[in-house]
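A look at the structure
Single-letter residue listing:
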Amino acid sequence: MPDLGLEVLWKGKNLIRLLGGLGIALRISLVSVLISIGLGTLLGMVRRKEKGLPKVIMRLYLEFIRIMPQLVLLFLVYFGTTRSFGWDLSGETAAVIVFSLWGTAEMSDLVRGALNSIPVHQYESAEALGLWEKQIYRYVILPQAVRRLLPPAINLVTRMIKTTSLVLMIGVVEVLKVAQQIIEANRMSSPNAAFGVYLAVFVIYFCACWPVSLAAKKLERRWR
Amino acid sequence: MDWKFIAEYIPLYQEAAALTVKIGIAGIAAAIGTGLVCGMIGYYRVPVLGRIVSAYVELSRNTPLLIQLFFIYYGLPKIGIRTDAKACGMAGLAFLGGGYMAETFRSGIEAVDAIQEESACSLGLNKVQTIWYVILPQALAVSMPAFVANVIFLLKETSVFSAVSLMDLMFTAKDLIGIYYNTTESLFLLVIFYLLILLPVSVLGSILERRARYAGFGT
């Protein structure tokens, strides 16, 4: 059995430090998810009504965000805007800005899709039954739309968590960076640390994302 | 905006874009192959293999590509599996994409009515013919939107290749920023080149999607 470098994890506080890195990644994704859900829901509802120039601008924004790799967006905000506007952004703030922009775009799409998927006759029948607009949304449309919205929205959370691994590239100290530090520090005593530590990082990310996507799958199956 | 700088470094970006596209295509092709095989195994519930495949799908879908690449590129050599950066990029893309594609194909196959298989059987087609002529064409039409989304997603994911020192677009931009400090120009070129790669794919994807929809409903 070759030396797998797993013993490094138990040395000192290494495992705790890795989990601390995960904490930062989760904090970034949690903040971004909350902002995205709020703004995305609003935007999704507004987008059904708008016409003309605002629609075109909105469309361009959404397409640009969707088509650019998130890493490019991170670079644009972290290196690009700081340079052109002369402000000072920490890596974490830049990450939250980018992930919120991206998440809002995705979320607004999901909301719009969920609302559009409700057949028109649902509105018409509710109206025929004498419900007001508010009641129509409260009792007829929203319960159905939320069911369609929730599974993909939860999936968005896992995508967000996975994407936070990119913040390594703009100098935020998260799981991967901590892993690099640990490997570097133990270079002499356990040269194979890279295997064990990166394996641990792999497992840590899996443990963070898997329960969330399981929940999404379960909801989807139950509500079908 | 320093246009001379931009003109001077376009060839560098062209090279990097070619590399991104090359590894992207190879990786996505491998992912499609992996996905088809895994999707079939998942659908037919092959004993043992089915278990392994579903574990693989969960693993690949619930971990970021960056972590997978780090593990393949820096972790695996320690136990004797050494890969160069290009092979690593392709392997990572195939590993990640395989999981996504498998899910897509499986749900596509599941969407085909059982009656189709029974009818094919009563017409005297054997198992392979049934899959090839009856199930797959319909399944692919159903899974086309998700398939296109996967391809674009995987192409976008290639941006993290720079982390394993592949000289892709991201790497080039970062390098130029580091050397010349021409942040705006470098990032401008970066965005333009990604648009050049991704926009045509996205347009082609939506055309494909529309075609597949026609095929699905026979109009």
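Structure first, text after, so check above.
What comes next concerns the included structure. (Residues numbered from 1 in each chain as written. Chains lettered and ligands numbered in written order. Predicted model: local features only at pLDDT ≥ 70, side-chain atom pairs only at ≥ 80, totals over all residues. Heavy atoms only, no water.)

Each partner contributes residues to the interface: chain B has 37 residues there, and chain A has 35 residues. Between chain B and chain A we count one salt bridge in total. In this assembly, chain B and chain A are joined by eight residue pairs in polar contact (both at pLDDT 80 or more). Those elements that provide at least two residues to the side of chain B that touches chain A are helix H2 (49-61), helix H3 (65-75), helix H4 (85-111), helix H7 (169-180) and helix H8 (183-217) of chain B. If you tally residues by element for the side of chain B that touches chain A, the top one is H8 of chain B, at ten residues. Here the side of chain B that touches chain A is composed, by residue class, of 22 nonpolar, nine polar and six charged. (Contact = heavy atoms within 4.5 Å. Salt bridge = Lys/Arg side-chain N within 4 Å of Asp/Glu carboxyl O. Polar contact = N/O pair within 3.5 Å; in protein donor to acceptor, adjacent residues only side chain to side chain. Helix = DSSP H or I, 4+ residues; strand = E, 2+ residues; numbered from the N terminus. Nonpolar A, V, L, I, M, F, W, Y, C, P; charged D, E, K, R; others polar.)

Residue and element names in this part refer to chain B. Orientation of H4 relative to helix H6 (residues 127-157), taken along the N-to-C sense of each, is 155 degrees, at an axis distance of 8 Å. Between H4 and H6, the interaxial angle falls into the category roughly antiparallel. Considering only the axes of H4 and H6, their crossing is right-handed. Contacts between H4 and H6 involve Leu93, Leu96, Gly97, Tyr100, Met101, Thr104, Phe105, Gly108, Ile109 and Ala111 from the former and Ile135, Ala139, Leu140, Val142, Ser143, Ala146, Phe147, Asn150, Val151, Phe153, Leu154 and Glu157 from the latter. A class-by-class count of the residues in the contact of H4 with H6 yields 16 nonpolar, five polar and one charged. (Axes fitted to C-alpha atoms, helices over the stretch in contact; angles between N-to-C directions. Parallel < 35°, antiparallel > 145°, perpendicular 65-115°, else oblique. Left-handed = near helix turned anticlockwise from the far one by under 90°.)

Attention now moves to the pattern of salt bridges. In total, this model carries ten salt bridges over all chains according to the counting rule given. Residues aspartate 109 of chain A and arginine 47 of chain A are paired through a salt bridge, measuring 3.0 Å at the closest nitrogen-oxygen approach. Of this pair, aspartate 109 of chain A sits in helix H5 (residues 91-116) while arginine 47 of chain A sits in helix H2 (residues 14-47), and the two are 62 residues apart along the sequence. Between glutamate 110 of chain B and arginine 106 of chain B there is a salt bridge whose closest N-O contact spans 2.8 Å. Pair noted here: glutamate 110 of chain B and arginine 106 of chain B are both in helix H4, with a separation of four residues, about one helical turn. Residue glutamate 110 of chain B is classed as partly exposed on the basis of its relative accessible area of 40%. One network of salt bridges, in which partners are shared, links Arg47, Arg59, Glu63, Arg66 and Asp109 of chain A. (Buried < 20%, exposed > 50% of the residue type's maximum accessible area, 1.4 Å probe, protein only.)

Residue and element names in this part refer to chain B. The residue serine 165 is not glycine, and still its phi comes out positive at about 55 degrees. You will see that tyrosine 181, though not glycine, has its phi angle at about 65 degrees, which is positive. Mapped onto the secondary structure, tyrosine 181 falls in the loop between H7 and H8.

You can see leucine 66 of chain B is positioned in helix H3. The buried category is assigned to leucine 66 of chain B, whose relative accessible area is 1%. Taking the C-alpha atoms as reference, leucine 66 of chain B lies 7.9 Å from phenylalanine 161 of chain B; in sequence the two are 95 residues apart. Not counting residues up to four positions away in its chain, the partners in contact with leucine 66 of chain B are Ser165, Leu166, Leu168 and Leu176 of chain A together with Val160 and Ala163 of chain B.

Our focus in this paragraph is the packing of helix H3 (residues 53-67) of chain A against H5 of chain A. All names here are of chain A. Running from amino to carboxyl end, H3 crosses H5 at an angle of 115 degrees, the nearest separation of the two axes being 9 Å. Taken together, the axis directions place H3 and H5 in an arrangement best described as roughly perpendicular. At the point where H3 passes H5, the crossing takes the left-handed sense. In this structure, H3 uses Tyr61, Leu62, Ile65 and Arg66 to contact H5, whose residues at the interface are Leu101, Trp102, Thr104, Ala105, Glu106, Ser108 and Asp109. Taken together, the residues of the contact of H3 with H5 sort by class into six nonpolar, two polar and three charged.

This part is about the packing of aromatic side chains. Taken as a whole and assessed by the stated rule, the structure comprises 21 aromatic pairs over all chains. Here the aromatic rings of tryptophan 3 of chain B and phenylalanine 188 of chain B are separated by 6.1 Å at their centres, their planes lie at 90 degrees, and the arrangement is edge-to-face. Taken together, the residues tryptophan 3 of chain B in helix H1 (residues 3-44) and phenylalanine 188 of chain B in helix H8 connect sequence positions 185 residues apart. The cationic tip of arginine 138 of chain A hangs over the ring face of tyrosine 139 of chain A; the distance from NZ or CZ to the ring centre is 4.7 Å. The ring of tyrosine 100 of chain B has arginine 61 of chain B sitting right over it, with the charged end atom 4.8 Å from the ring centre. (Phe/Tyr/Trp six-rings, centres within 6.5 Å; stacked < 30°, edge-to-face > 60°. Lys NZ or Arg CZ within 6 Å of the ring centre and 35° of its normal.)

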